[in-house]
Structures are given as structure tokens and as C-alpha cells.
Amino acid sequence: MTGYAYALLSLTSLLWAGNQIIGRAVAGHVPPIALGMLRWTLAALIILPFAWVHLRRDWPVVRRNAGVLLLLGVTAGGSVNTLQYIGLNHTTALNALLINSSAPVLIALTSFALFGERLRAMQWLGILVSLLGVLSILAEGRPSEILALSANPGDVLCLVAMVVWGLYTALLRHRPAIHWLSFTAVTFAISGVVTWPFFIAEHLSGRTLAATMPTLLAVSYVAVFPSLIAYLCYNRGVEIVGAARAGVFMHLVPAFGAVLAFVLLGEAPHLYHAAGFALTLGGIWLATRSR
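Residues numbered from 1 in each chain as written. Predicted model: local features only at pLDDT ≥ 70, side-chain atom pairs only at ≥ 80, totals over all residues. Heavy atoms only, no water.

S.K.: Explain helix H2 (residues 32-64) to me, please; I cannot follow it from the model alone.
M.R.: In an α-helix there are 3.6 residues to a turn, and that puts residues three or four apart on one side. The end-to-end C-alpha separation of H2 is 34 Å, well short of the 48 Å expected for 33 residues at 1.5 Å each. A maximum bend of about 65° is found in H2 at alanine 51. (Helix = DSSP H or I, 4+ residues; strand = E, 2+ residues; numbered from the N terminus. Expected span 1.5 Å × (residues − 1). Bend = angle between axes of the 7 residues up to and from the residue.)

The following block contains the structure:
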């Protein structure tokens, strides 16, 4: 069962890496809040027909747990991805990917702070090794590249998004005992609803959404792959192996992002890509080892 969970979490990281690339590629062309609103609204509409039977049966439990579901919906998509999309309009992909790699540590710290979930020494070692792999990729084998990075408002927003993501992952242990389709449909709907007021404000400010083919392709991708498919995989993975162990797989997001960059954007692969990816996988292996 753990191998199945690791496969789900790896696929999640791959799809979220694509989300980072899309978010940066359409920055300046697709308003960030509009992208987030469409992502979750469409994802909720897509999954609702499949979840309807289960949602009707689970509705009494949903009502009794409205508070925790509201919190999970707001943190899952309503906050995290909107903050990331806005941040990607003000920072570089390198900075965003580097900040994304802080997620495992933030998840572990949040789980410890809220629930006393302690990590073994091997798990901390795995987190540090995989972080080293991420840094080697992002620095292109040159440590001076990391030292040269400078903070800006986009960096701050991306970091806040990772803090919120740590909170969401830690709180998943309190998700109510309802069908996974019911849970996903409810959290997607909440994520979409909470972004609508901000979308309206963005539209009134003059940042309107143009109905172009790039916009259609970007919205279609983020609504289906990093939303519907990835969140189903992530939630199930956390349910099986726990928040701290699942969080280590977030290091695969920038690693996969580097691979996608030279595959989709024509960037040539280098030795530091292979070395960094090997360190990342080695760190995940260390952190996910059994006692």
C-alpha cells in the first residue's frame, strides 16, 4: 500500500510542476485570480456529477463537519494557488521553485506544532538531502546562484502559500469520514467560491480575461490535471502514509519542473540536473524508509 501511495504522490508532484510552468508562462496574459477562480470552479463542476450520489448520502456528515471542511477548502485551493499565481507575476520561476521546496519542512513543522507529530532522525536527514538536490538543480551546479537570489513581493507570496499548504496537509488528518469523491467535490467548490469576490475585484480593476486559445489551454490544464487528478492523488497519499512523509515528495516538484523546462522549452539537460535529481530521489528514499 505504501508503494501505491508513493506512486500517487510522485504523479502529484509531476502535475504540480506543470502547474508552475503554466502559471509562469501565462503571467501577464491571464489575470492570476481569474486563473485560480476558473481552475477550482471548473474542477468542481467536472467532479460534481461523479460525486453527486455519494454527496447526497454523506451530506449529514458534511453539515456536521462544515467548519473543518471550510478550513480545508480555503487553505487547499482558495488560498494556496491564488497566492502562487499572483506571486508568479512578480518573481522568477527559479525563485518560485526554490521556495516551493520549503514545503516538506513547513509541513513537518506544522504537524509538530499542531499535533506533536515528531520526525525521526532519518526523516530529517532525508528532507535535508532532497533539499540539497533541489538546490543543486536550481543553482545549476553553482552555489553562487542561490546566494544571488533576492526577495521580492512575489517571493513573499509564494512563501506564504507554502505555509498555508503546510497547514492544509497537517489538517487533513481531521477530514471527515466521507467518500473521497464527496470530500473532493466539497473542497473544490469551497475553493472556487472563496475566489469569486477577489476575481470580481480584479475584473473591476481592469485586469480582464481574454478568450484566447492560450487562455483556454491554460485553464483546461489547471482545472483537470493539477486540480482534479493531483488533489485526488495527494489526499489519498497523505491518508496512507501521513503528512510528514508525504510532504517530502514536494521536493519532486522543482525537480520535475527542471525536467519539463528542457523538454517543453528546449533547454538542454546538464550534469547538475542528473546529480540533483539523484539527490532528491535519495532523500525521499531515506525519509520514507520504514523503522
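S.K.: I'm lost on the environment of tryptophan 165 in this one. Help?
M.R.: If you trace the backbone, tryptophan 165 turns up in helix H8 (residues 153-171). A sequence separation of 89 residues divides tryptophan 165 from alanine 76, and the C-alpha atoms of the two residues are 6.8 Å apart. What tryptophan 165 contacts, discounting residues up to four positions off in sequence, is Trp16, Ala76, Val80, Ile107, Tyr231, Tyr234 and Met250. (Contact = heavy atoms within 4.5 Å.)

S.K.: Just checking my understanding: could you explain the nonpolar core for this structure?
M.R.: A general tendency of soluble globular proteins is for nonpolar side chains to be buried together. Membership of the largest hydrophobic core comes to 74 residues, with the highest contact counts inside it found for Trp16, Trp165, Tyr168, Phe188, Tyr231 and Tyr234. Looking at this core, the element that brings in the most residues is H2, giving 13 residues. Excluding residues that lie within four positions of it along the chain, tyrosine 231 makes contacts with Trp16, Arg39, Trp40, Ala76, Gly77, Asn81, Trp165, Tyr168, Phe188 and Pro226. (Core = buried A, V, L, I, M, F, W, Y, C linked by side-chain atoms within 4.5 Å. Buried < 20%, exposed > 50% of the residue type's maximum accessible area, 1.4 Å probe, protein only.)

S.K.: Looking at this model, I keep getting lost on the pattern of salt bridges. Mind explaining?
M.R.: Between side chains of opposite charge, a pair can form as their charged atoms come close. Following the criterion strictly, the structure yields 3 salt bridges and no others. Aspartate 58 serves as the salt-bridge partner of arginine 57, at 3.4 Å between the closest nitrogen and oxygen. Arginine 175 is the salt-bridge partner of glutamate 239, the closest N and O atoms lying 3.8 Å from each other. With glutamate 239 in helix H10 (residues 213-241) and arginine 175 in the loop between H8 and helix H9 (180-204), this residue pair connects regions lying 64 residues apart in the sequence. It is possible to trace a salt-bridge network through shared partners that takes in Arg175, Arg236 and Glu239. (Salt bridge = Lys/Arg side-chain N within 4 Å of Asp/Glu carboxyl O.)

S.K.: Mind showing me how you'd approach the side chain of arginine 175 here?
M.R.: Residue classification places arginine 175 among the buried positions, given a relative accessible area of 18%. If sequence neighbours within four positions are ignored, arginine 175 has contacts with Leu72, Trp180, Phe183, Asn235 and Glu239.

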